[in-house]
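Chains, contacts and geometry: an overview
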Amino acid sequence: GPGGPGMGGLMGGGMGADFLGAGAGGSGPHRGAFAARIDSTCTVSGSDVSCTRTSNGLTAVTIYTIRDAANAVQTKIDTITTNSVRTRTTVSGTTTRGRDGSTVTATVSANSDRTVTGLAKASTQRTVNGTSQGSESSSGTNREGQAFTAVRVSADTTTNLVVPVSTSSTTPTYPRSGKVVRYMKVTSTVAGSAATTRERREVIEYDGSATAKVTITEDG
């Protein structure tokens, strides 16, 4: 379901299958890496396809702009001819979650804009460019039962990420080139204590090998 800015081993939940060339060769824009999730609830308006989904207080609105190799607009995915998909998503709302005895209420505002080209069936590689930014203000109790507040902001930029299409369902490919920059800042306050701020910036660079170069800067 839709969610706010996340943090995993890497910010935003890590690189995931999208950036490892996962999925069988020719999986196209319907399936596999960078799939467009369009169903019968989506609507067409001019050259855009809009989809709205809600989950646990959050509303995600995604607008797809679909084009073929000649740059002509399409109003639905064609598994043979669709070559590029621009995906613009906004997420907003207030959600409540609990884990390990903690209770958190969070207000989320986030948006992203990503374009993937090279999705046509005959293509041998995908090229990805995009940006995202978001904020999350939360309050509640932690696992120790202490009241807290937190504000988190994040931003990602993907520049000319070129991912070869895998020809095997079991062997991943690695990006030939491109850079991903991720930034996150969290300011939190536990009741009775002073506010603390943490910052983290990651720069991930690819050269086609199985090893990416990752530069991490924490708190300056």
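Structural data are supplied above this passage.
Structure report, in brief. Just so you know, these numbers come straight off a predicted model, no measurement behind them. (Residues numbered from 1 in each chain as written. Predicted model: local features only at pLDDT ≥ 70, side-chain atom pairs only at ≥ 80, totals over all residues. Heavy atoms only, no water.)

**A look at the overall build of the protein chain**
Scanning the protein chain for helices and strands turns up zero helices and eleven strands. Sequence-ordered secondary structure for the protein chain, helices as α and strands as β, is β-β-β-β-β-β-β-β-β-β-β. Per-residue burial for the protein chain yields a buried fraction of 33% across its 220 residues. A sequence separation of at least 24 residues applies to 52% of the contacts in the protein chain between residues at least 6 apart. Total accessible area on the protein chain is roughly 11600 Å²; 49% of this is exposed by carbon and sulfur atoms. (Helix = DSSP H or I, 4+ residues; strand = E, 2+ residues; numbered from the N terminus. Buried < 20%, exposed > 50% of the residue type's maximum accessible area, 1.4 Å probe, protein only. Contact = heavy atoms within 4.5 Å. Areas by Shrake-Rupley, 256 points an atom, 1.4 Å probe, with all protein chains shown as cover.)

**Comments concerning the nonpolar core**
Counting 16 residues, the largest nonpolar core has Val49, Tyr64, Ile66 and Val85 as the members making the most contacts within it. Each residue touching Val49, except ones within four places of it in the same chain, is listed here: Ile38, Cys42, Thr43, Val44, Thr62, Ile63, Tyr64, Ile66 and Thr75. (Core = buried A, V, L, I, M, F, W, Y, C linked by side-chain atoms within 4.5 Å.)

**Observations concerning the side chain of Thr95**
Tracing the backbone shows Thr95 in strand β5 (residues 82-99). Of note is the side chain of Thr95, whose polar atom sits 2.6 Å from the side chain of Asn56. Discounting residues that sit within four places of it in the chain, Thr95 has contacts with Asn56, Leu58, Val104, Thr105 and Ala106. (Polar contact = N/O pair within 3.5 Å; in protein donor to acceptor, adjacent residues only side chain to side chain.)

**Some points on the state of the cysteines**
One pass over the full model with this rule turns up one disulfide. Between the sulfur atoms of Cys42 and its disulfide mate Cys51 the distance is 2.0 Å. Measuring the twist about the S-S bond at about 115 degrees, one finds the Cys42-Cys51 disulfide to be right-handed. Cys42 sits in the buried class, given a relative accessible area of 14%. Note on Cys51: relative accessible area 1%, which makes it buried. (Disulfide = S-S within 2.5 Å.)

**Some words on the pairing of strand β10 (residues 196-205)**
The pairing of strand β9 (residues 177-190) with β10 spans ten bridges and is antiparallel. Within β10, the residue paired with Arg182 across the bridge is Glu202. Between β9 and β10, which pair antiparallel in sequence order, lie five residues; one of them, Gly192, sits at a positive phi of approximately 90 degrees. As paired strands, β10 and strand β11 (residues 213-218) are joined by six bridges and run antiparallel to one another. In the sheet register, Arg201 faces β11, and the bridge partner there is Thr217. (Pairing = 2+ DSSP bridges.)

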